[in-house]
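# Chain and residue survey
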Amino acid sequence: QVLLVEFGGGLVQAGGSLRLSCACSASGRAFSDYDMGWWRQAPGKEREFVAAVSRSGTNTFYTDSVKGRFTISRDNAKNTVYLQMNSLKPDDTAVYYCAAGLWKSSPFDFNEYDYWGQGTQVTVSS
């Protein structure tokens with residue numbers, strides 16, 4: 001079982017930055033066994049893939065709209081995954097969710113993730 005808790009959301013002006021953190025508490029296996037992802041959901045829209053990092057931290061993936069602006073990373077010694085968000089835009093406004101899973105085929109597939117955090121609100125004003 002995995003418990004994920006996100007921190008770092010808030011209100012920021014366009015062009016600003018935020019860093020999200022996701023603290024993981026796992027039983028039965030180590031945090032480093034899990035592939036990790038960040039997803040977001042805006043009002044009236046489906047949950048959208050944002051970024052992901054493999055269990056070793058060697059492979060990262062991003063949706064096109066955040067490439068060059070967002071960076072995902074993990075510190076397995078601290079059981080934490082991060083999402084550094086720079087040059088934020090109003091379209092980035094959403095609830096951001098941390099997720100954990102064991103990838104079988106694609107890090108972009110919702111079904112590849114088994115555990116989800118409660119979400120943290122990110123609001124970017126114009």
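Residues numbered from 1 in each chain as written. Predicted model: local features only at pLDDT ≥ 70, side-chain atom pairs only at ≥ 80, totals over all residues. Heavy atoms only, no water.

### Quick word on the state of the cysteines
Joining two cysteines, a disulfide is a covalent bond between their sulfur atoms. According to the stated counting rule, one finds one disulfide in the structure shown. Between the sulfur atoms of Cys-22 and its disulfide mate Cys-98 the distance is 2.1 Å. On the sign convention where negative means left-handed, the S-S torsion of about -80° between Cys-22 and Cys-98 marks this disulfide as left-handed. Of this pair, Cys-22 sits in strand β3 (residues 18-26) while Cys-98 is found in strand β9 (residues 94-101), placing the two residues 76 residues apart along the sequence. Judged by its relative accessible area of 0%, Cys-98 is buried. (Disulfide = S-S within 2.5 Å. Helix = DSSP H or I, 4+ residues; strand = E, 2+ residues; numbered from the N terminus. Buried < 20%, exposed > 50% of the residue type's maximum accessible area, 1.4 Å probe, protein only.)

### Some points on unusual backbone geometry
The backbone of Asn-79 shows a phi angle near 55°, a positive value even though the residue is not glycine. Mapped onto the fold, Asn-79 is located in the loop between β7 (70-75) and β8 (80-85). According to the relative accessible area criterion, Asn-79 is partly exposed, its value standing at 29%. Located in the positive-phi region is Ser-87, a residue other than glycine, with phi close to 50°. By the secondary structure assignment, Ser-87 is in the loop between β8 and β9.

### Brief notes about the sheet that holds β3
As summarised here, the arrangement of the four strands in space is β1-β3-β8-β7, forming an open sheet in which the pairing is antiparallel. Two strands in the sheet have a free side with no partner beyond their single neighbour: β1 (2-7) and β7. The mean angle between the axes of side-by-side strands here comes to 15°, regardless of whether they run parallel or antiparallel. Inspection of the sheet shows β3 paired to β8 by six bridges, in the antiparallel sense. Of the residues in β8, the one forming a bridge with Arg-19 is Gln-84. (Pairing = 2+ DSSP bridges. Axes fitted to C-alpha atoms, helices over the stretch in contact; angles between N-to-C directions.)

### Some thoughts on the pattern of salt bridges
All told, the structure shown has five salt bridges when counted by the stated rule. For Arg-40, the salt bridge goes to Asp-92, with nearest N and O atoms at 3.0 Å. With Arg-40 in strand β4 (residues 35-41) and Asp-92 in the loop between β8 and β9, this pair connects stretches of sequence that are 52 residues apart. Accessibility classification places Arg-40 together with Asp-92 in one group, the buried group. The closest approach of N and O atoms between Asp-92 and Arg-69, which form a salt bridge, is 2.8 Å. A residue pair is termed long-range when its members are at least 10 positions apart, and Asp-92 in the loop between β8 and β9 and Arg-69 in the loop between β6 (60-62) and β7 qualify at 23 residues. Take Asp-92 and Arg-69: they sit in the same class, and that class is buried. Beyond isolated ion pairs, a larger network of salt bridges with shared partners links Arg-40, Glu-48, Arg-69 and Asp-92. (Salt bridge = Lys/Arg side-chain N within 4 Å of Asp/Glu carboxyl O.)

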